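Understanding the architecture of this molecule
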Number of protein chains: 2
Amino acid sequence: MSSVTIKDIAKLAGVSHTTVSRALNDSPLINPETKDRIKSIAGSLNYTPNYSARSLVLDRSYNLGLFFSTLHTGTSSGFLYEAIKGVNDVIKDQFNLIVRGIDDYKSYHNVNRKSFDGLIVMSQSASDQSFIEYAADKEIPIVVLNRPIDKVKVMNLVPDDQRGAYRVAEHLIEKGHRRIAIIEGKQGFKSTQARRDGYREALEKHGVPLRNEWIVPGNYDLESGYAGMNRLLDLKERPTAVFCSNDDMALGAIKAVTERGLRVPDDLSVVGFDDHLFSAFMSPALTTVRRPIEEISRAGAEKLLSFIEKKQVEKSTVYFHTELVIRDSVKTIAGGN
Amino acid sequence: MSSVTIKDIAKLAGVSHTTVSRALNDSPLINPETKDRIKSIAGSLNYTPNYSARSLVLDRSYNLGLFFSTLHTGTSSGFLYEAIKGVNDVIKDQFNLIVRGIDDYKSYHNVNRKSFDGLIVMSQSASDQSFIEYAADKEIPIVVLNRPIDKVKVMNLVPDDQRGAYRVAEHLIEKGHRRIAIIEGKQGFKSTQARRDGYREALEKHGVPLRNEWIVPGNYDLESGYAGMNRLLDLKERPTAVFCSNDDMALGAIKAVTERGLRVPDDLSVVGFDDHLFSAFMSPALTTVRRPIEEISRAGAEKLLSFIEKKQVEKSTVYFHTELVIRDSVKTIAGGN
DNA sequence: ATGAAAGCGCTAACAT
DNA sequence: ATGTTAGCGCTTTCAT
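Residues numbered from 1 in each chain as written. Chains lettered and ligands numbered in written order. Predicted model: local features only at pLDDT ≥ 70, side-chain atom pairs only at ≥ 80, totals over all residues. Heavy atoms only, no water.

1. Quick notes on the relation of the copies chain B and chain A
What counts is decided by this rule: Here the copies are matched by least squares. The fit uses the C-alpha atoms of residues with pLDDT of at least 70 in both. Contacts are assigned to residue pairs with any non-hydrogen atoms lying within 4.5 Å of each other.
In screw terms, the move from chain B to chain A is a rotation of 180 degrees and a rise of 0.0 Å along the axis, fitting with an RMSD of 0.1 Å. Such a combination of rotation and displacement between the chain copies is what one expects of a two-fold axis. Most of the interface of chain B is mirrored in chain A, where 98% of its interface residues again form contacts.

2. Some details on the side chain of R195(B)
Residue and element names in this part refer to chain B. Selection criterion: Numbering of helices and strands runs from the N terminus, with a helix taken as a DSSP run of H or I at least four residues long and a strand as a DSSP run of E at least two residues long. Only protein chains enter the accessibility calculation, which uses a 1.4 Å probe. A residue is then buried if its area is under 20% of the maximum for its type, exposed if over 50%, and partly exposed in between.
Tracing the sequence through the fold places R195 in helix α8 (residues 190-205). Residue class for R195 comes out buried when judged on its relative accessible area of 2%. Beyond its immediate sequence surroundings of up to four residues, R195 is in contact with D161, A165, I182, Y220, F243, S245, N246, F273, D274 and R291.

3. A word on the UniProt feature "domain: HTH lacI-type" (unreviewed entry) in chain A
As a reminder, the rule being used: UniProt positions are given in the numbering used here, feature names are shortened, and annotations may be inferred rather than shown by experiment.
Following the UniProt record, one finds the feature "domain: HTH lacI-type" (unreviewed entry) at residues 4-58 of chain A. Structurally, residues 4-58 of chain A is divided into 69% helix and 0% strand, and its ends, taken at the C-alpha atoms, are 20 Å apart.

4. Observations regarding the protein's contact with DNA strand D
For clarity, the cut-off: Residues are labelled near a given molecule or strand when at least one of their non-hydrogen atoms is within 4 Å of it. Polar contact is defined as a pair of N or O atoms within 3.5 Å, subject to the rule that within protein one atom must be able to donate a hydrogen and the other to accept it, and that residues adjacent in sequence are counted only when both atoms are side-chain atoms. Under the grouping applied here, Gly and all other residues not named as nonpolar or charged are polar, the nonpolar ones being Ala, Val, Leu, Ile, Met, Phe, Trp, Tyr, Cys and Pro and the charged ones Asp, Glu, Lys and Arg.
In the vicinity of DNA strand D lie 28 residues, with T18(A), T19(A), R22(A), S21(B) and Y47(B) positioned nearest. In this structure, L29(A) approaches DNA strand D through a main-chain N or O atom, which is 3.2 Å from a phosphate oxygen. A distance of 3.3 Å separates a phosphate oxygen of DNA strand D from a polar backbone atom of N50(B). Those elements that provide at least two residues to the surface near DNA strand D are α2 (17-24) and α4 (51-58) of chain A together with α2 (17-24) and α4 (51-58) of chain B. Considering each element in turn, the surface near DNA strand D owes the most residues, five residues, to α4(B). Counted by class, the surface near DNA strand D contains 12 nonpolar, 13 polar and three charged residues.

5. With respect to the domain arrangement of chain A
Our working rule: Domain boundaries shown here were taken from an automatic or database domain assignment.
For chain A, the assigned domains read domain 1 (6-49), domain 2 (63-158 + 293-320) and domain 3 (161-291). Taking only C-alpha atoms into account, the centre of domain 1 of chain A sits 37 Å from that of domain 2 of chain A.

6. Digging into the interface of chain B and chain A
To keep it simple, the criterion reads: Buried area adds together the accessible area that both of two parts lose upon being put together, with accessible area traced by a 1.4 Å probe. Salt bridge, as used here: a side-chain nitrogen of Lys or Arg that lies within 4 Å of a carboxyl oxygen of Asp or Glu.
Residue-level contacts link 60 residues of chain B with 60 residues of chain A. Summing both sides of the interface, chain B and chain A together bury roughly 5300 Å²; the carbon and sulfur share of this comes to 53%. Contact with chain A buries area across many residues of chain B, yet Y81(B), D93(B) and F281(B) alone supply 13% of it, more than any other trio. Linking chain B to chain A there are zero salt bridges. Between the two partners, chain B and chain A, sit 25 residue pairs in polar contact (both at pLDDT 80 or more). Those elements that place two or more of their residues in the side of chain B that touches chain A are α4, α5 (77-91), β2 (96-101), α9 (222-233) and α10 (247-259) of chain B. Top element by residues in the side of chain B that touches chain A is α5(B). It accounts for eight residues. Of the residues belonging to the side of chain B that touches chain A, the class tally is 25 nonpolar, 21 polar and 14 charged.

7. Here's the deal with the sheet that holds strand β6 (residues 180-183) of chain A
Residue and element names in this part refer to chain A. Note the cut-off: Note on pairing: two strands pair once DSSP finds at least 2 bridges between them.
A sheet is described by the order of its strands in space; here four strands give the open sequence β7-β6-β8-β9, paired in parallel fashion. Each edge of the sheet is formed by a strand with only one pairing partner; in this case those strands are β7 (215-216) and β9 (269-271). Here β6 runs beside strand β8 (residues 241-244); their pairing, made up of four bridges, is parallel. Counted as the bridge partner of I180 is A241 from β8.

8. Considerations on the sheet that holds strand β8 (residues 241-244) of chain B
Residue and element names in this part refer to chain B. Strand order in this open sheet of four strands is β7-β6-β8-β9, and the pairing throughout is parallel. Lying at the two open borders of the sheet, with one neighbouring strand each, are β7 (215-216) and β9 (269-271). Sheet topology note: the β8/β9 ladder contains three bridges and is parallel. Considered in β9, the bridge of A241 is made with S269.

Okay, structure coming up:
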């Protein structure tokens, strides 16, 4: 069953295949009646264009890449979900959305202008710097989301993680806490550093002591939040509040607290980062920082589409506001307000 | 900057472009030395094949579709995540993985053998029956995951939801519960029905009364679990245990319970379905049913790849076991063991 | 072991 | 308003 082509239609319509091509592409050159006739024949034959052929001659692939640093550890399901949703909402039917982890590539060879009309990189880690440089070098239209990029100039949309972390840490201080720990994100992720920096900045600005034993590693997943909190609870001198670098870890951390018969926030306050879908439904509802990933994804997709259309890319960095979301996981203690 | 083609390589190598094509495709016909020479020239020119051209002549697109019923409500982030991960792990570099919601298509026109070498449908709802029939009719290699399909014969890999729901409901009964409510899944989703059926079957088999007011609607999201539980708590005669049709709703339901100053499982037992990543980290850890989505996705991808390779599809239904996961959200009450 | 030629399905420049 | 022709980059007969 070989499929129907414009030549088949041409034969039936008694015109040249060029005319069919033009008619199907709504060229103004074609007589309206001819056009209708051709279209109806195409419809009745159930014609569908061969995109490979069209791509070959037009030099467009109709593929858009949505690339994550990794699809394995460090990428939370909520993050993936929001990113895909945001992008997908914008591109609809016009493009194929190809989802992939950059670390799944053995070689970037197959990433090129012929195969991708544009690229959206959800960058989490500096490890994909080489990929971004590669793509920029190949002059593939590209937007990089989530992580601030240096060295190479691209359109770069990022949430203001440091400011958000600063705000949530300051919130703890305002509530009277002076013994504030942090469970950090995945090593090597830029967001890990930004959140740590915001935390430190707040503590320093308010003269709150920074103790090394209250800085524990994590990797953004539930288990690491659980383990990190256990380390903190084993300490002689416990903190009164813990800033978890994302909500997943906060959930794990709270688990560790309740397992010991302690309660959040009565015995220990916990805050997170991201404002995951589930955060409002945790018990207690989690105080956290909203990071507008879906919004950024949507904006990124819109930018990319306009670059492709205008055949012209802009290069700049746009920050998106993160926002403190106050819920019920922080207790006001002596001296707080 | 027009890119380098096999003709450019041919010129430099002093051979015909045919020879280049053969060399690059490792044809045994080509003299090993010529082959090496051509390959090294290709490498130094940074040649990448034009996939549109290759697709056109080979009649393969190198695209695989991973289609969900919807990318909007009803598809939880964990579900999306596991599906993508499972499929991606299998297909690696050989194909482009195109992710899309079926309800985003205005017309299926662009879904055809030329554009997709194969399709993986993560079917949640009967609403995508027409899509599946369309694809099967077009003879696109296809596997349908998650939802049992009737009428059209395809390779169909599904978790045994009903059996899982039966087991978890039975577990509640074994623990002494006889007042067991259900918060249902999204209307129209096959899984909703299967879980409801399993629940009913268990209650009937054990002579436990089925009360209409203990059957409340939901739609698989957190909010609906919260709302559903509130309805149950407002009842004159409350249940002692609630089966939430997925873990997301269980989280929302538990929120409703704790907000009223009640505790799980002391005052009310709650179980879920899916065994989300976060379920083990909830407080209390959630008793639920593991649904092996990642495993099914992987198996589906492998099947599909073999169909494409052998140019021959099998058609059958394979059930994957769901599994009761007992944690801490169920209390043993009088008469239980 | 290599080359010449044809053709995949489409669009577009150049007639008319 | 429509047709003729060429060509996108590749693979594949069919020669040699």
